[in-house]
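# Structure at a glance
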Amino acid sequence: MATFTIRPLDRFVVAKTAIKRPREFAYFSYDDEHALYPLSDKSLSYYYPPFMDGPGEGEQHRANVSLSNGFETFRKHDDSINEHLDALLDTLAAYEDREGHVVKADFITWRGMMTKIMTAPSDMFNEFEMNATCFQGTIFLEEHKAAKSMPPNNGPPRSDPHGARPSQEMMQYWGYKFEALSTLRKPWAEVSRAEIESRDNMIVSNEAQYCSIVTTGIGDTSLILGGEVDAVMGAKPDNADDPIPWVELKTSQQPVDQRDDIKYERKLLKFWAQSFLLGVPKIIVGFRSPDGHLLRLQEHETQKIPGMVKRQGQGTWDGNICINFAAEVLRFLKANVAGDGIVWRISRKPKSGTINVFPIEDVSVDSIIKPSFRAYRERMLAKQVATKLDSSG
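First things first, this report covers the structure right here in the doc. (Residues numbered from 1 in each chain as written. Predicted model: local features only at pLDDT ≥ 70, side-chain atom pairs only at ≥ 80, totals over all residues. Heavy atoms only, no water.)

### Here's the deal with the environment of P306
Heads up, the condition is: Every helix listed is a DSSP run of H or I at least four residues long, and every strand listed is a run of E at least two residues long, numbered separately from the N terminus. Here, residues are in contact when the closest pair of their heavy atoms is within 4.5 Å.
Tracing the backbone shows P306 in helix α7 (residues 305-312). Between the C-alpha atoms of P306 and D318, which are twelve residues apart in sequence, the distance is 6.5 Å. Those residues in contact with P306, other than ones at most four positions away along the chain, are W272, W317 and G319.

As C-alpha coordinates, then:
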(Lines give C-alpha, C1' and ligand atoms only; values in the text may rest on other atoms or scores of the structure.)
Protein backbone atom coordinates (compact mmCIF):
# COMPACT_ATOMS: atom_id res chain seq x y z
CA MET A 1 0.00 0.00 0.00
CA ALA A 2 1.24 3.49 -0.87
CA THR A 3 0.32 6.38 1.43
CA PHE A 4 0.15 10.12 0.82
CA THR A 5 0.24 12.20 4.00
CA ILE A 6 -2.05 15.24 3.95
CA ARG A 7 -0.56 17.19 6.83
CA PRO A 8 1.34 19.33 7.62
CA LEU A 9 -0.19 21.72 5.10
CA ASP A 10 2.63 24.26 5.29
CA ARG A 11 4.62 22.24 2.76
CA PHE A 12 1.99 23.24 0.17
CA VAL A 13 2.16 26.97 0.91
CA VAL A 14 5.25 28.14 -0.93
CA ALA A 15 4.99 26.55 -4.35
CA LYS A 16 3.24 28.27 -7.24
CA THR A 17 1.71 25.57 -9.37
CA ALA A 18 1.29 26.16 -13.10
CA ILE A 19 -2.31 25.83 -14.27
CA LYS A 20 -3.41 25.20 -17.83
CA ARG A 21 -6.71 26.97 -18.47
CA PRO A 22 -9.54 24.48 -19.02
CA ARG A 23 -10.55 24.40 -22.69
CA GLU A 24 -13.68 22.67 -23.91
CA PHE A 25 -13.01 20.40 -26.87
CA ALA A 26 -16.06 18.13 -26.69
CA TYR A 27 -19.43 17.91 -24.99
CA PHE A 28 -22.52 15.75 -24.74
CA SER A 29 -26.14 15.96 -23.73
CA TYR A 30 -28.54 13.76 -21.85
CA ASP A 31 -32.09 14.37 -23.06
CA ASP A 32 -35.27 14.46 -20.98
CA GLU A 33 -35.23 10.66 -20.80
CA HIS A 34 -31.52 10.66 -19.91
CA ALA A 35 -30.55 9.21 -23.29
CA LEU A 36 -26.99 10.08 -24.29
CA TYR A 37 -26.19 12.29 -27.29
CA PRO A 38 -22.41 12.59 -27.82
CA LEU A 39 -21.19 15.86 -29.35
CA SER A 40 -24.66 17.38 -29.01
CA ASP A 41 -25.64 20.60 -27.23
CA LYS A 42 -29.38 19.89 -27.32
CA SER A 43 -29.62 20.16 -23.51
CA LEU A 44 -27.58 23.36 -23.20
CA SER A 45 -29.37 25.89 -20.96
CA TYR A 46 -29.21 29.68 -21.06
CA TYR A 47 -29.12 31.84 -17.94
CA TYR A 48 -31.97 34.25 -17.31
CA PRO A 49 -32.48 35.39 -13.72
CA PRO A 50 -35.59 34.35 -11.82
CA PHE A 51 -38.35 36.86 -11.19
CA MET A 52 -38.05 37.93 -7.58
CA ASP A 53 -39.73 41.31 -7.37
CA GLY A 54 -43.05 42.53 -8.70
CA PRO A 55 -43.98 46.24 -8.96
CA GLY A 56 -44.94 47.58 -5.57
CA GLU A 57 -44.72 44.23 -3.83
CA GLY A 58 -41.11 44.22 -2.60
CA GLU A 59 -40.16 41.78 0.14
CA GLN A 60 -43.64 40.31 0.33
CA HIS A 61 -43.40 39.17 -3.29
CA ARG A 62 -39.92 37.79 -2.68
CA ALA A 63 -41.29 35.61 0.11
CA ASN A 64 -43.71 34.07 -2.41
CA VAL A 65 -40.86 32.68 -4.52
CA SER A 66 -40.97 29.22 -3.03
CA LEU A 67 -38.34 26.70 -4.11
CA SER A 68 -40.65 23.93 -2.87
CA ASN A 69 -43.21 24.50 -5.64
CA GLY A 70 -43.59 21.40 -7.81
CA PHE A 71 -41.81 19.04 -5.43
CA GLU A 72 -44.55 16.42 -5.79
CA THR A 73 -44.02 16.17 -9.57
CA PHE A 74 -40.20 16.22 -9.53
CA ARG A 75 -38.71 13.86 -12.13
CA LYS A 76 -35.60 12.68 -10.33
CA HIS A 77 -32.93 10.70 -12.13
CA ASP A 78 -32.19 7.35 -10.50
CA ASP A 79 -28.68 8.05 -9.24
CA SER A 80 -28.33 4.55 -7.80
CA ILE A 81 -27.38 3.45 -11.33
CA ASN A 82 -23.61 3.40 -11.68
CA GLU A 83 -22.91 5.09 -15.00
CA HIS A 84 -19.13 4.85 -14.58
CA LEU A 85 -17.13 6.81 -17.17
CA ASP A 86 -19.29 5.52 -20.04
CA ALA A 87 -20.76 8.79 -21.33
CA LEU A 88 -17.38 10.54 -21.13
CA LEU A 89 -15.61 7.71 -22.99
CA ASP A 90 -18.35 7.36 -25.63
CA THR A 91 -18.11 11.07 -26.37
CA LEU A 92 -14.32 11.05 -26.37
CA ALA A 93 -14.32 8.18 -28.89
CA ALA A 94 -16.83 10.02 -31.09
CA TYR A 95 -14.68 13.16 -31.03
CA GLU A 96 -11.43 11.30 -31.76
CA ASP A 97 -13.07 9.34 -34.57
CA ARG A 98 -14.34 12.56 -36.13
CA GLU A 99 -11.01 14.38 -35.78
CA GLY A 100 -8.84 11.39 -36.67
CA HIS A 101 -6.50 11.53 -33.66
CA VAL A 102 -6.34 10.49 -30.00
CA VAL A 103 -6.50 13.13 -27.25
CA LYS A 104 -3.73 12.27 -24.81
CA ALA A 105 -3.76 13.01 -21.07
CA ASP A 106 -2.32 11.63 -17.85
CA PHE A 107 -5.81 11.31 -16.33
CA ILE A 108 -9.35 10.91 -17.63
CA THR A 109 -12.03 11.41 -15.00
CA TRP A 110 -15.09 13.34 -13.92
CA ARG A 111 -14.73 16.81 -12.46
CA GLY A 112 -16.26 15.54 -9.21
CA MET A 113 -13.29 13.27 -8.50
CA MET A 114 -10.83 16.14 -8.81
CA THR A 115 -13.07 18.31 -6.63
CA LYS A 116 -12.80 15.73 -3.84
CA ILE A 117 -9.02 15.66 -4.15
CA MET A 118 -8.60 19.43 -4.35
CA THR A 119 -10.77 20.14 -1.30
CA ALA A 120 -9.29 17.36 0.86
CA PRO A 121 -6.69 19.45 2.74
CA SER A 122 -9.32 21.90 4.01
CA ASP A 123 -12.18 19.50 4.70
CA MET A 124 -11.43 16.87 7.33
CA PHE A 125 -14.86 15.27 6.79
CA ASN A 126 -14.19 14.87 3.08
CA GLU A 127 -14.09 11.13 2.39
CA PHE A 128 -13.79 9.30 -0.89
CA GLU A 129 -13.19 5.96 -2.47
CA MET A 130 -12.15 5.84 -6.10
CA ASN A 131 -11.14 3.12 -8.52
CA ALA A 132 -8.36 3.64 -11.04
CA THR A 133 -6.68 1.67 -13.80
CA CYS A 134 -4.06 2.35 -16.46
CA PHE A 135 -4.46 1.96 -20.20
CA GLN A 136 -2.16 3.23 -22.95
CA GLY A 137 -0.35 5.54 -20.55
CA THR A 138 -3.50 7.15 -19.09
CA ILE A 139 -5.02 6.69 -15.64
CA PHE A 140 -8.81 6.30 -15.77
CA LEU A 141 -10.30 7.38 -12.45
CA GLU A 142 -13.88 6.98 -11.21
CA GLU A 143 -15.89 6.96 -8.00
CA HIS A 144 -16.29 3.60 -6.26
CA LYS A 145 -19.97 2.93 -5.69
CA ALA A 146 -20.42 -0.21 -3.64
CA ALA A 147 -23.66 -2.01 -4.51
CA LYS A 148 -24.56 -2.45 -0.85
CA SER A 149 -24.48 1.32 -0.29
CA MET A 150 -26.78 2.15 -3.19
CA PRO A 151 -30.17 3.30 -1.90
CA PRO A 152 -33.23 1.76 -3.57
CA ASN A 153 -35.26 3.93 -5.89
CA ASN A 154 -38.52 4.20 -4.00
CA GLY A 155 -40.27 6.61 -6.33
CA PRO A 156 -40.88 10.32 -5.72
CA PRO A 157 -39.11 11.73 -2.64
CA ARG A 158 -41.18 12.63 0.37
CA SER A 159 -40.92 15.50 2.79
CA ASP A 160 -41.02 15.26 6.57
CA PRO A 161 -44.69 14.51 7.36
CA HIS A 162 -44.43 16.37 10.65
CA GLY A 163 -43.09 19.50 8.97
CA ALA A 164 -40.43 19.92 11.64
CA ARG A 165 -37.56 20.21 9.19
CA PRO A 166 -37.36 19.90 5.40
CA SER A 167 -36.15 16.50 4.29
CA GLN A 168 -32.81 16.00 2.59
CA GLU A 169 -34.73 15.21 -0.61
CA MET A 170 -36.61 18.50 -0.36
CA MET A 171 -33.42 20.52 0.15
CA GLN A 172 -31.84 18.79 -2.85
CA TYR A 173 -34.95 19.68 -4.86
CA TRP A 174 -34.53 23.36 -3.98
CA GLY A 175 -31.28 23.40 -5.94
CA TYR A 176 -32.90 21.91 -9.04
CA LYS A 177 -35.88 24.26 -8.69
CA PHE A 178 -33.53 27.24 -8.55
CA GLU A 179 -31.91 26.04 -11.78
CA ALA A 180 -35.34 25.72 -13.42
CA LEU A 181 -36.24 29.26 -12.35
CA SER A 182 -32.93 30.64 -13.61
CA THR A 183 -32.55 29.04 -17.04
CA LEU A 184 -34.10 28.84 -20.48
CA ARG A 185 -33.93 25.91 -22.89
CA LYS A 186 -33.33 28.27 -25.83
CA PRO A 187 -31.50 31.60 -26.24
CA TRP A 188 -33.39 34.54 -24.77
CA ALA A 189 -34.18 36.03 -28.20
CA GLU A 190 -36.02 32.83 -29.18
CA VAL A 191 -38.16 32.60 -26.04
CA SER A 192 -41.51 34.31 -25.51
CA ARG A 193 -42.27 36.42 -22.47
CA ALA A 194 -44.95 33.91 -21.49
CA GLU A 195 -42.40 31.07 -21.45
CA ILE A 196 -40.05 33.11 -19.27
CA GLU A 197 -42.77 34.02 -16.79
CA SER A 198 -44.16 30.47 -16.57
CA ARG A 199 -40.91 28.82 -15.42
CA ASP A 200 -42.30 28.40 -11.90
CA ASN A 201 -45.01 26.12 -13.31
CA MET A 202 -42.68 23.81 -15.22
CA ILE A 203 -42.16 20.23 -14.06
CA VAL A 204 -38.64 20.09 -12.63
CA SER A 205 -36.39 17.28 -13.85
CA ASN A 206 -32.70 16.50 -13.52
CA GLU A 207 -32.70 13.94 -16.34
CA ALA A 208 -31.54 16.39 -19.02
CA GLN A 209 -27.95 17.60 -18.69
CA TYR A 210 -25.29 19.33 -20.74
CA CYS A 211 -21.78 18.14 -19.92
CA SER A 212 -18.58 19.84 -20.96
CA ILE A 213 -15.34 17.93 -21.61
CA VAL A 214 -12.16 19.95 -21.18
CA THR A 215 -8.42 19.55 -21.41
CA THR A 216 -6.59 21.14 -18.52
CA GLY A 217 -3.42 20.78 -16.49
CA ILE A 218 -2.33 21.10 -12.87
CA GLY A 219 1.43 21.28 -12.42
CA ASP A 220 3.09 18.69 -14.63
CA THR A 221 -0.10 16.60 -14.93
CA SER A 222 -2.49 16.78 -17.89
CA LEU A 223 -6.16 15.96 -17.46
CA ILE A 224 -9.33 15.37 -19.44
CA LEU A 225 -12.26 16.28 -17.20
CA GLY A 226 -15.98 15.94 -17.84
CA GLY A 227 -18.67 17.66 -15.84
CA GLU A 228 -22.16 19.11 -16.01
CA VAL A 229 -22.52 22.86 -16.51
CA ASP A 230 -25.73 24.60 -15.49
CA ALA A 231 -26.00 27.35 -18.09
CA VAL A 232 -24.25 29.78 -20.40
CA MET A 233 -24.51 33.55 -20.04
CA GLY A 234 -25.56 34.77 -23.49
CA ALA A 235 -23.99 32.26 -25.87
CA LYS A 236 -20.90 30.15 -26.43
CA PRO A 237 -18.26 32.03 -28.47
CA ASP A 238 -17.68 31.13 -32.10
CA ASN A 239 -13.92 30.79 -31.48
CA ALA A 240 -13.31 27.52 -29.62
CA ASP A 241 -10.19 28.98 -27.99
CA ASP A 242 -12.12 31.77 -26.27
CA PRO A 243 -13.32 31.25 -22.68
CA ILE A 244 -16.99 30.25 -22.42
CA PRO A 245 -19.21 32.40 -20.16
CA TRP A 246 -20.53 29.48 -18.14
CA VAL A 247 -22.63 30.05 -15.04
CA GLU A 248 -22.78 27.73 -12.04
CA LEU A 249 -26.03 27.95 -10.04
CA LYS A 250 -26.08 27.22 -6.32
CA THR A 251 -28.41 27.67 -3.37
CA SER A 252 -27.48 28.33 0.24
CA GLN A 253 -29.27 29.32 3.40
CA GLN A 254 -29.08 33.04 4.15
CA PRO A 255 -26.38 33.55 6.84
CA VAL A 256 -27.58 35.32 9.98
CA ASP A 257 -24.56 35.09 12.31
CA GLN A 258 -20.83 34.34 12.35
CA ARG A 259 -21.40 30.62 12.60
CA ASP A 260 -23.44 30.76 9.40
CA ASP A 261 -20.72 32.87 7.76
CA ILE A 262 -18.14 30.18 8.50
CA LYS A 263 -20.48 27.50 7.15
CA TYR A 264 -20.96 29.46 3.94
CA GLU A 265 -17.22 30.04 3.62
CA ARG A 266 -16.70 26.28 3.72
CA LYS A 267 -19.36 25.82 1.05
CA LEU A 268 -17.53 28.35 -1.10
CA LEU A 269 -14.54 25.99 -1.14
CA LYS A 270 -16.52 23.37 -3.04
CA PHE A 271 -18.26 25.98 -5.21
CA TRP A 272 -14.88 27.42 -6.19
CA ALA A 273 -13.14 24.08 -6.82
CA GLN A 274 -15.97 22.77 -9.00
CA SER A 275 -16.01 25.86 -11.17
CA PHE A 276 -12.24 26.36 -11.25
CA LEU A 277 -11.63 22.85 -12.57
CA LEU A 278 -14.05 23.17 -15.49
CA GLY A 279 -13.32 26.81 -16.32
CA VAL A 280 -16.65 28.24 -15.13
CA PRO A 281 -16.04 31.96 -14.55
CA LYS A 282 -19.16 32.92 -12.60
CA ILE A 283 -21.17 31.41 -9.74
CA ILE A 284 -24.63 32.74 -8.91
CA VAL A 285 -25.92 31.85 -5.45
CA GLY A 286 -29.59 31.98 -4.58
CA PHE A 287 -29.86 32.64 -0.86
CA ARG A 288 -32.94 31.09 0.70
CA SER A 289 -34.80 31.06 3.98
CA PRO A 290 -34.71 27.92 6.17
CA ASP A 291 -38.06 26.85 4.71
CA GLY A 292 -36.96 27.26 1.09
CA HIS A 293 -38.08 30.72 0.00
CA LEU A 294 -35.75 32.53 -2.38
CA LEU A 295 -34.53 35.77 -0.80
CA ARG A 296 -31.76 37.24 -2.96
CA LEU A 297 -29.08 36.52 -5.55
CA GLN A 298 -25.34 37.02 -5.24
CA GLU A 299 -22.74 36.69 -7.99
CA HIS A 300 -19.18 35.49 -7.40
CA GLU A 301 -16.36 35.58 -9.91
CA THR A 302 -14.68 32.20 -9.52
CA GLN A 303 -11.10 33.48 -9.72
CA LYS A 304 -11.74 36.09 -7.01
CA ILE A 305 -13.23 33.74 -4.39
CA PRO A 306 -9.91 32.57 -2.80
CA GLY A 307 -8.76 36.18 -2.41
CA MET A 308 -12.09 37.20 -0.92
CA VAL A 309 -11.92 34.35 1.61
CA LYS A 310 -8.33 35.28 2.49
CA ARG A 311 -9.06 38.99 3.00
CA GLN A 312 -12.55 38.94 4.48
CA GLY A 313 -13.16 35.40 5.70
CA GLN A 314 -12.26 33.24 8.69
CA GLY A 315 -9.30 31.50 7.05
CA THR A 316 -11.01 28.13 6.79
CA TRP A 317 -9.27 27.35 3.48
CA ASP A 318 -6.58 28.59 1.11
CA GLY A 319 -6.96 28.22 -2.65
CA ASN A 320 -3.21 28.16 -3.30
CA ILE A 321 -2.76 25.28 -0.84
CA CYS A 322 -5.60 23.36 -2.53
CA ILE A 323 -4.01 23.73 -5.98
CA ASN A 324 -0.51 22.81 -4.79
CA PHE A 325 -1.92 19.88 -2.85
CA ALA A 326 -3.82 18.60 -5.90
CA ALA A 327 -0.66 18.80 -8.01
CA GLU A 328 1.28 16.69 -5.49
CA VAL A 329 -1.50 14.10 -5.13
CA LEU A 330 -1.68 13.71 -8.91
CA ARG A 331 2.10 13.25 -9.06
CA PHE A 332 1.82 10.65 -6.28
CA LEU A 333 -0.92 8.78 -8.16
CA LYS A 334 1.08 8.75 -11.38
CA ALA A 335 3.94 7.11 -9.48
CA ASN A 336 1.81 4.47 -7.76
CA VAL A 337 -1.11 3.64 -10.05
CA ALA A 338 0.72 1.60 -12.65
CA GLY A 339 0.44 -1.51 -14.78
CA ASP A 340 -2.28 -2.20 -17.33
CA GLY A 341 -4.95 -4.67 -16.22
CA ILE A 342 -4.72 -3.78 -12.51
CA VAL A 343 -7.45 -1.94 -10.59
CA TRP A 344 -6.39 0.31 -7.74
CA ARG A 345 -8.43 1.73 -4.85
CA ILE A 346 -7.75 5.32 -3.79
CA SER A 347 -9.18 5.90 -0.34
CA ARG A 348 -9.48 8.71 2.17
CA LYS A 349 -11.53 8.08 5.34
CA PRO A 350 -13.33 10.82 7.32
CA LYS A 351 -10.93 12.77 9.58
CA SER A 352 -8.04 10.74 8.16
CA GLY A 353 -4.72 12.45 7.51
CA THR A 354 -3.77 10.12 4.67
CA ILE A 355 -4.77 9.05 1.17
CA ASN A 356 -4.08 5.36 0.57
CA VAL A 357 -3.59 3.52 -2.72
CA PHE A 358 -3.69 -0.26 -3.00
CA PRO A 359 -4.57 -2.92 -5.62
CA ILE A 360 -7.95 -4.64 -5.46
CA GLU A 361 -9.50 -7.66 -7.16
CA ASP A 362 -13.25 -7.18 -6.59
CA VAL A 363 -13.62 -4.57 -9.38
CA SER A 364 -12.96 -5.38 -13.03
CA VAL A 365 -11.07 -3.19 -15.47
CA ASP A 366 -14.06 -3.48 -17.83
CA SER A 367 -16.30 -1.69 -15.34
CA ILE A 368 -14.00 1.36 -15.44
CA ILE A 369 -13.01 1.33 -19.12
CA LYS A 370 -15.85 -0.08 -21.20
CA PRO A 371 -14.61 -2.78 -23.61
CA SER A 372 -15.88 -0.92 -26.68
CA PHE A 373 -13.71 2.09 -25.82
CA ARG A 374 -10.67 -0.06 -25.19
CA ALA A 375 -11.21 -1.86 -28.51
CA TYR A 376 -11.59 1.48 -30.28
CA ARG A 377 -8.36 2.83 -28.80
CA GLU A 378 -6.51 -0.37 -29.74
CA ARG A 379 -7.71 0.01 -33.33
CA MET A 380 -6.52 3.62 -33.34
CA LEU A 381 -3.11 2.54 -32.04
CA ALA A 382 -2.83 -0.21 -34.67
CA LYS A 383 -3.74 2.31 -37.35
CA GLN A 384 -1.04 4.72 -36.14
CA VAL A 385 1.58 1.95 -36.11
CA ALA A 386 0.62 0.87 -39.63
CA THR A 387 0.84 4.46 -40.85
CA LYS A 388 4.35 4.86 -39.39
CA LEU A 389 5.50 1.59 -40.94
CA ASP A 390 4.14 2.65 -44.33
CA SER A 391 5.86 6.02 -44.15
CA SER A 392 9.20 4.48 -43.08
CA GLY A 393 9.02 1.84 -45.81
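### Regarding the nonpolar core
The test is simple: To define a nonpolar core, start from buried Ala, Val, Leu, Ile, Met, Phe, Trp, Tyr and Cys residues and group those joined through side-chain atoms within 4.5 Å. When a residue's accessible area, from a 1.4 Å probe over protein chains only, is under 20% of the maximum for its type it is buried; when over 50% it is exposed; and in between it is partly exposed.
By size, the foremost hydrophobic cluster in this structure holds 58 residues, and its most contacted members are M114, M118, I218, W272, F325, L333 and I346. Looking at this core element by element, the count peaks at ten residues for helix α8 (residues 319-336). A93, I108, I224 and I368 belong to the second-largest nonpolar core, a separate cluster that totals 29 residues.

### Quick word on the packing of helix α6 (residues 258-278) against α8
Applied cut-off: All axes here are fitted lines through C-alpha atoms, helices being fitted over the stretch that makes contact, and every angle between N-to-C directions spans 0 to 180 degrees. An angle below 35 degrees is treated as roughly parallel, one above 145 as roughly antiparallel, one from 65 to 115 as roughly perpendicular, and anything else as oblique. Should the near helix be turned anticlockwise from the far one by less than a right angle, the crossing is termed left-handed; should it be turned clockwise, right-handed. In this count, Pro and Cys sit with the nonpolar residues alongside Ala, Val, Leu, Ile, Met, Phe, Trp and Tyr, while Asp, Glu, Lys and Arg are called charged and the others, Gly among them, polar.
Across the interface, α6 lies against α8 with an axial gap of 12 Å and an inter-helix angle of 50°. Our classification of the angle between α6 and α8 gives oblique. For the element pair α6 and α8, the recorded crossing hand is right-handed. In contact with L269, W272 and F276 of α6, α8 contributes G319, C322 and I323. Here the residues of the contact of α6 with α8 are counted per class, giving five nonpolar, one polar and no charged.

### So, the pattern of salt bridges
What counts, and what does not: Think of a salt bridge as a Lys or Arg side-chain nitrogen and an Asp or Glu carboxyl oxygen that are within 4 Å of each other.
Counted under the stated rule, the structure contains 20 salt bridges. A salt bridge links E197 to R193, with the nearest nitrogen and oxygen atoms 3.1 Å apart. In this pair, E197 and R193 both sit in helix α5 (residues 193-197), four residues apart, roughly one turn of the helix. What makes E197 partly exposed here is its relative accessible area of 49%. Note that E248 is salt-bridged to K250, the shortest N-O span being 3.3 Å. Each of the salt bridges in this network shares a partner with another, and the network as a whole consists of D106, D220, E328, R331 and K334.

### What to know about the pairing of strand β5 (residues 107-110)
What counts, and what does not: Note on pairing: DSSP must find at least two bridges between two strands before they are called paired.
The pairing of β5 with strand β10 (residues 221-228) spans four bridges and is classified as parallel. Note that in β10 the partner of T109 across the bridge is L225. Of the strand pairs in this sheet, β5 and strand β7 (residues 138-143) are connected by three bridges, and their pairing is parallel. Across the sheet, the residue bridging to I108 is F140, located in β7.

### Brief notes about α7
In plain terms, the rule: When we speak of the arc, we mean the arc of directions from the helix axis to the C-beta atoms.
Taken together, the buried positions of α7 are I305, P306 and V309. On an axial view of α7, the arc spanned by its buried residues comes to 105°, and they lie on one face. Opposite the buried face of α7, by more than 90 degrees, sit the exposed residues R311 and Q312. Among the structural elements, α6, β13 (282-288), β14 (294-301) and α8 are those in contact with the buried residues of α7.

### As for the packing of aromatic side chains
To be explicit about the condition: Within 6.5 Å between ring centres, the rings of Phe, Tyr and Trp (the latter by its six-membered ring) count as paired, and their orientation is classed by plane angle as stacked under 30 degrees, edge-to-face over 60, tilted in between. Cation placement over rings: the criterion is NZ of Lys or CZ of Arg within 6 Å of the ring centroid and within 35° of the ring normal.
Counted by the stated rule, this structure contains 19 aromatic pairs. Judged by centre distance (5.4 Å) and plane angle (75°), the rings of F71 and Y173 are edge-to-face. One end of the pair, F71, is in the loop between α1 (58-63) and α2 (86-99); the other, Y173, is in helix α4 (residues 168-182), with 102 residues separating them in the sequence. Classification of F71 by relative accessible area gives buried; the value is 4%. Residue Y173 is classed as buried on the basis of its relative accessible area of 0%. It is K236 that lies over the ring of Y27; its NZ or CZ is 4.2 Å from the centre.

### A closer look at the environment of G307
Turning to its location among the elements, G307 is positioned in helix α7. Here the alpha-carbon distance between G307 and G319, two residues twelve residues apart in the chain, equals 8.2 Å.

### With respect to the sheet that holds strand β2 (residues 19-30)
One open sheet holds the ten strands; their spatial order is β1-β16-β15-β6-β7-β5-β10-β9-β2-β3, and the pairing between them is mixed. Since the sheet does not close on itself, it has two edges, and those belong to β1 (2-5) and β3 (36-38), each with one partner. With direction set aside, neighbouring strand axes in the sheet form an average angle of 25°. Of the strand pairs in this sheet, β1 and strand β16 (residues 354-360) are connected by four bridges, and their pairing is antiparallel. Paired with T3 across the two strands is N356, which belongs to β16. Each of β2, β3, β5, β7, β9 (209-218) and β10 touches α2; the most contacted strand, β2, lies at about 100° to it.

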